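Below, each chain spelled out in residue letters.
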Amino acid sequence: MSNSITVDPRDLRWMQHALALAVLAEEKGEVPVGAVIVRNDELIAEGWNQPVLSHDPTAHAEVVALRAAGLAEKNYRLLDTTLYVTLEPCVMCAGAIIHARVGRVVYGATDPRVGAAGSAFSLLGSEQFNHVVEVEGGVLADECGELLRRFFRARR
């Protein structure tokens, strides 16, 4: 484990699943970010970055997973769910997460440039909205961050 804090084994398991999806994204030439949505320790939906392949700037891993979860649940409200994502959500994804009423977000690596869970912006967890999302960052942060660093090093 990359953290010295105690992490719930379920959080580790689902973040490892998200990491596997991030590797899939990388294999397809996308920035390696993966996401899963879970309720009661059961997978509802998953997604990985797909903006290049889909020609869709909104096809971030979180949005892909949210869309799949909405279809699976036949509801745009995803109450009592946890979204696991390998990179701190951006502003766009944070807005979608809030509107979907996701209860909790667990992310791996921080994104100091555009992260919206406290790094660059503080949208998730903000009490300005009518829905507050619980946030936990840093789960498998080293592994998530190294995957991203390796991807961008190879592109330079």
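See the structure printed just above.
Residues numbered from 1 in each chain as written. Predicted model: local features only at pLDDT ≥ 70, side-chain atom pairs only at ≥ 80, totals over all residues. Heavy atoms only, no water.

Novice: Break down the sheet that holds strand β1 (residues 34-39) for me, with residues and values.
Specialist: Taken in spatial order, the 5 strands make up an open sheet running β2-β1-β3-β4-β5, and their pairing is mixed. Each end of this open sheet is capped by a strand with a single partner; those strands are β2 (42-48) and β5 (134-137). Pairwise comparison of adjacent strand axes, ignoring direction, gives a mean angle of 15 degrees for this sheet. Inspection of the sheet shows β1 paired to strand β3 (residues 82-87) by 4 bridges, in the antiparallel sense. Looking across to β3, one finds that Val-36 is bridged to Tyr-84. Contacting β3 and β4 (104-109), helix α5 (residues 141-155) runs over the sheet at an angle of about 60 degrees to β4. (Pairing = 2+ DSSP bridges. Helix = DSSP H or I, 4+ residues; strand = E, 2+ residues; numbered from the N terminus. Axes fitted to C-alpha atoms, helices over the stretch in contact; angles between N-to-C directions. Contact = heavy atoms within 4.5 Å.)

Novice: Give a detailed account of the environment of Leu-12, specifying residues and quantitative values.
Specialist: With respect to the helices, strands and loops of the structure, Leu-12 is situated in helix α1 (residues 9-27). In sequence terms Leu-12 and Glu-62 are 50 residues apart; their C-alpha atoms lie 18 Å from each other.

Novice: Give me the lowdown on the packing of helix α3 (residues 61-73) against helix α4 (residues 91-100), citing residues and values where you can.
Specialist: Between α3 and α4, whose axes approach to 9 Å, the crossing angle comes to 25 degrees. Considered as vectors, α3 and α4 are oriented roughly parallel to each other. Classified by chirality, the crossing of α4 by α3 is left-handed. Facing α3, whose interface residues are Glu-62, Val-63 and Leu-66, α4 presents Met-92, Cys-93, Ala-96, Ile-97 and Ala-100. (Parallel < 35°, antiparallel > 145°, perpendicular 65-115°, else oblique. Left-handed = near helix turned anticlockwise from the far one by under 90°.)

Novice: Quick one: what's the story with the side chain of Asp-111, residue by residue and with numbers?
Specialist: Position of Asp-111 among the secondary structure elements: in the loop between β4 and β5. Despite its burial, Asp-111 pairs with no opposite charge, the nearest such side chain being Arg-113 at 4.7 Å. Here the side chain of Asp-111 touches Val-114 through a polar contact of 3.4 Å, landing on its backbone nitrogen. When residues no more than four places from it in sequence are discounted, the contact partners of Asp-111 are Leu-87, Glu-88, Ser-119 and Ala-120. (Buried < 20%, exposed > 50% of the residue type's maximum accessible area, 1.4 Å probe, protein only. Lys, Arg positive; Asp, Glu negative; His and termini not counted. Salt bridge = Lys/Arg side-chain N within 4 Å of Asp/Glu carboxyl O. Polar contact = N/O pair within 3.5 Å; in protein donor to acceptor, adjacent residues only side chain to side chain.)

Interpretation note: all reported values are geometric properties and have no functional meaning in isolation.
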